[in-house]
Amino acid sequence: MPGAITIATNMAGRGTDIQLGGNVEMRVAQELAGVEDEAERARKEAEIRAEVAAFKEKALAAGGLYIIGTERHESRRIDNQLRGRSGRQGDPGRSKFFLSLQDDLMRIFGSERMDSMLTKLGLKEDEAIVHPWINKALEKAQQKVEARNFDIRKNILKYDDVMNDQRKVIFEQRLELMDQESVEEQVADMRHGVIDEIVARNIPPDAYAETWDVAGLKEATSGVLNLDLPVEDWAKEEGIADEEIRERILKAADESYAARVEKNTPEVMRYVEKQVVLQALDHLWREHLVVLDHLRQVIGFRGYAQRDPLNEYKSEAFELFQGMMSRWDEITTGQLMRVELTYDPQQGELPPMQMSHLDPVTGMDENELAELNARIAAGELSPAALAAPLGFAAEAAVERDPADPATWGKVGRNEACPCGSGKKYKHCHGALV
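Treat the numbers as computed from the prediction; the structure is a model and nothing was measured.

Conventions and cut-offs
- Residues numbered from 1 in each chain as written.
- Predicted model: local features only at pLDDT ≥ 70, side-chain atom pairs only at ≥ 80, totals over all residues.
- Heavy atoms only, no water.
- Helix = DSSP H or I, 4+ residues; strand = E, 2+ residues; numbered from the N terminus.
- Buried < 20%, exposed > 50% of the residue type's maximum accessible area, 1.4 Å probe, protein only.
- Contact = heavy atoms within 4.5 Å.
- Areas by Shrake-Rupley, 256 points an atom, 1.4 Å probe, with all protein chains shown as cover.
- Core = buried A, V, L, I, M, F, W, Y, C linked by side-chain atoms within 4.5 Å.
- Salt bridge = Lys/Arg side-chain N within 4 Å of Asp/Glu carboxyl O.
- Polar contact = N/O pair within 3.5 Å; in protein donor to acceptor, adjacent residues only side chain to side chain.

Bringing the overall build of the protein chain into the picture now. Secondary structure assignment for the protein chain yields 14 helices and 2 strands. Buried positions account for 31% of the 433 residues belonging to the protein chain. Looking at the protein chain alone, contacts between residues at least 24 apart form 65% of all its contacts between residues at least 6 apart. Of the roughly 27,600 Å² that the protein chain leaves accessible, carbon and sulfur atoms contribute 51%.

See below:
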């Protein structure tokens, strides 16, 4: 309405709908909130609409909305948004901005000769400056800021593209793994690749046997592949080469893993393989993103050595990505070469599947592994029972007669009581045992 003042920040002005004469709908909603009589509401609404129309005519006659800016924004787009408030749907209006030569925009990005030039013109203290030179200098300052911000965004996008390219590779590979029913071939390729890397790292090509790192090779085969191989004896054989050692390790690893698969049932191991591969990839990818973020924060210092930070970032990021993929193979292989599926037969039901995870960094609890192997040898593990909670077909249960406990067989403590009471066995007939 005439005489009203709306104070808004530069960004708030964009979403501020200032209507000449006032907002009819808003006034009706506020002033008639407690009026229930329809006739009274209609009368007051007509009065409000007439009053708003009169106020609008008065505002139009006065020239419409007048925008006063106390400073200029770094971006001309924001200034234009504020100016646009005065031209709502063809309404008249004007805008005017006031600024000081001490504002950040003029002080940092303005012409350095501005002060000396104004001094030569003989301007006095606190005198308003209205000159085309000022508008031109202000426009150039805003152009400098916009160009600088554009370069920053463009540079950031280049760094983001590096990470995005790696993300595409990871997600494509992950989706491919999820769509497959079995990742047995990928697991075998990972295992063979890890063995090739272990042998190449400890037995350099075309090197004499005296220079082989036999101790490192044995430690790697034990730590990653969970194999106790006579590597020292192999190295002492006359005329043996790295290829023969690689073949022996490959054969031993494949046989050990095949026995582990057979012991834990192939169906269950197919499920376990997929879970281990995906979980290892997700964990390493999260770590990789954190490392890339830290690298991005410090890579700018390479510029002091006359190197392009972006090229350095691309190179470092690629090496980190390759290292992450190698660690994926190694961690996956290490975990699957030690996975053991166990349950407590006294509980009568299976707890969630437990796997003893071991990567090359953490090591493994030998006591737990010895205990599990002893229980497996004693026949306490039931492959059919292991398959049941994972959704695989188990052996058909013996049909029980609720009225004849002799047909129940062995009932787990946490199973539903076969008598049909709905209680757990340990709280029903099992409590009497």
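That shown, we press on.
Right, let's talk about the nonpolar core for a bit. One finds L217, I245, I249 and W328 to be the most contacted residues of the largest nonpolar core, which totals 48 residues. Looking at this core, the elements with two or more residues in it are α6 (132–179), α7 (184–202), α8 (214–225), α9 (231–236), α10 (242–263), α11 (266–298) and α12 (309–336). With sequence-adjacent residues up to four places away left out, I249 is seen in contact with I195, V199, L217, T221, L225, L229 and W234. Listed in part, the 9 residues of the second largest apolar core include Y159, V162, L295 and I299.

What follows covers the pattern of salt bridges. Scanning the model with the defined rule gives 25 salt bridges in all. When the shortest N-O distance is used, the salt bridge between R49 and E45 registers 3.1 Å. With R49 and E45 both in helix α2 (residues 38–61), this residue pair falls 4 residues apart, about one helical turn. Overall, the relative accessible area of 37% leaves R49 in the partly exposed class. For E45, a relative accessible area of 27% gives the class partly exposed. Salt-bridge contacts for E287 lead to R327; the nearest nitrogen and oxygen are separated by 3.6 Å.

Here we take up the side chain of D79. Tracing the backbone shows D79 in helix α3 (residues 76–83). Side-chain polar atoms of D79 contact the backbone nitrogen of H73, separated by 3.1 Å. Once residues lying within four places of it in the same chain are set aside, the contact partners of D79 are R72, H73, F97 and Q142.

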